[in-house]
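# Commentary on secondary and tertiary structure
Listed here are the chains, written in short residue letters.
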Amino acid sequence: QVQLVESGGGLVQAGGSLRLSCAASGRTFSNNAMGWFRQAPGKEREFVASISWNGGYTYYADSVKGRFTISRDNAKNTVYLQMNSLKQEDTAVYYCAADDRSTVVRTIPAYWGQGTQVTVSS
């Protein structure tokens with residue numbers, strides 16, 4: 001059974017940082033793209049970042065570019081999201097995702113985590 005388990009969410013003040021982790025189990029994703037999405041209250045789930053199987057390609061939503069960094073450790077079957085200079089509008093449930101393609105996750109990836117809450121206070 002494939003599982004993606006996020007951790008690292010929490011409450012942080014605006015301007016602060018958080019690092020999210022997503023550990024995969026049940027299969028290896030070392031040949032697969034992985035990514036992060038988020039969903040704020042009352043809004044649709046949106047793409048945040050994606051990383052290719054070897055980390056060679058990364059993609060970001062314009063809203064987080066320059067503030068968030070996605071990375072991965074294939075030996076640990078884990079993907080990370082370093083979030084700096086957090087803003088109140090970054091408040092959302094953050095979901096890890098993995099897909100059956102190697103370069104970038106699709107809009108609706110094959111696998112989802114259960115989500116972790118990130119709350120940014122003023």
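Residues numbered from 1 in each chain as written. Predicted model: local features only at pLDDT ≥ 70, side-chain atom pairs only at ≥ 80, totals over all residues. Heavy atoms only, no water.

### Brief notes about unusual backbone geometry
Excluding glycine, most residues fall at negative phi; most peptide bonds, likewise, are trans. At Asn77, a residue that is not glycine, the phi angle is positive and equals roughly 55 degrees. Tracing the backbone through its elements, the reader meets Asn77 in the loop between β7 (68-73) and β8 (78-83). Looking at Asn77, the relative accessible area reads 12%, which means it is buried. One non-glycine residue with positive phi stands out, namely Ser85, at about 50 degrees. For Ser85, the position within the fold is in the loop between β8 and β9 (92-98). (Helix = DSSP H or I, 4+ residues; strand = E, 2+ residues; numbered from the N terminus. Buried < 20%, exposed > 50% of the residue type's maximum accessible area, 1.4 Å probe, protein only.)

### Quick word on the sheet that holds strand β1 (residues 3-7)
Pairing within the open sheet is antiparallel, and its four strands lie in the order β1-β3-β8-β7. For this open sheet the edge positions go to β1 and β7, each flanked by a neighbour on one side alone. Going from strand to strand, the sheet's axes swing by 15 degrees on average, the running direction of each strand aside. Across six bridges, the pairing between strand β3 (residues 18-25) and β8 is antiparallel. Following the sheet pairing, Leu20 is matched in β8 by Leu81. (Pairing = 2+ DSSP bridges. Axes fitted to C-alpha atoms, helices over the stretch in contact; angles between N-to-C directions.)

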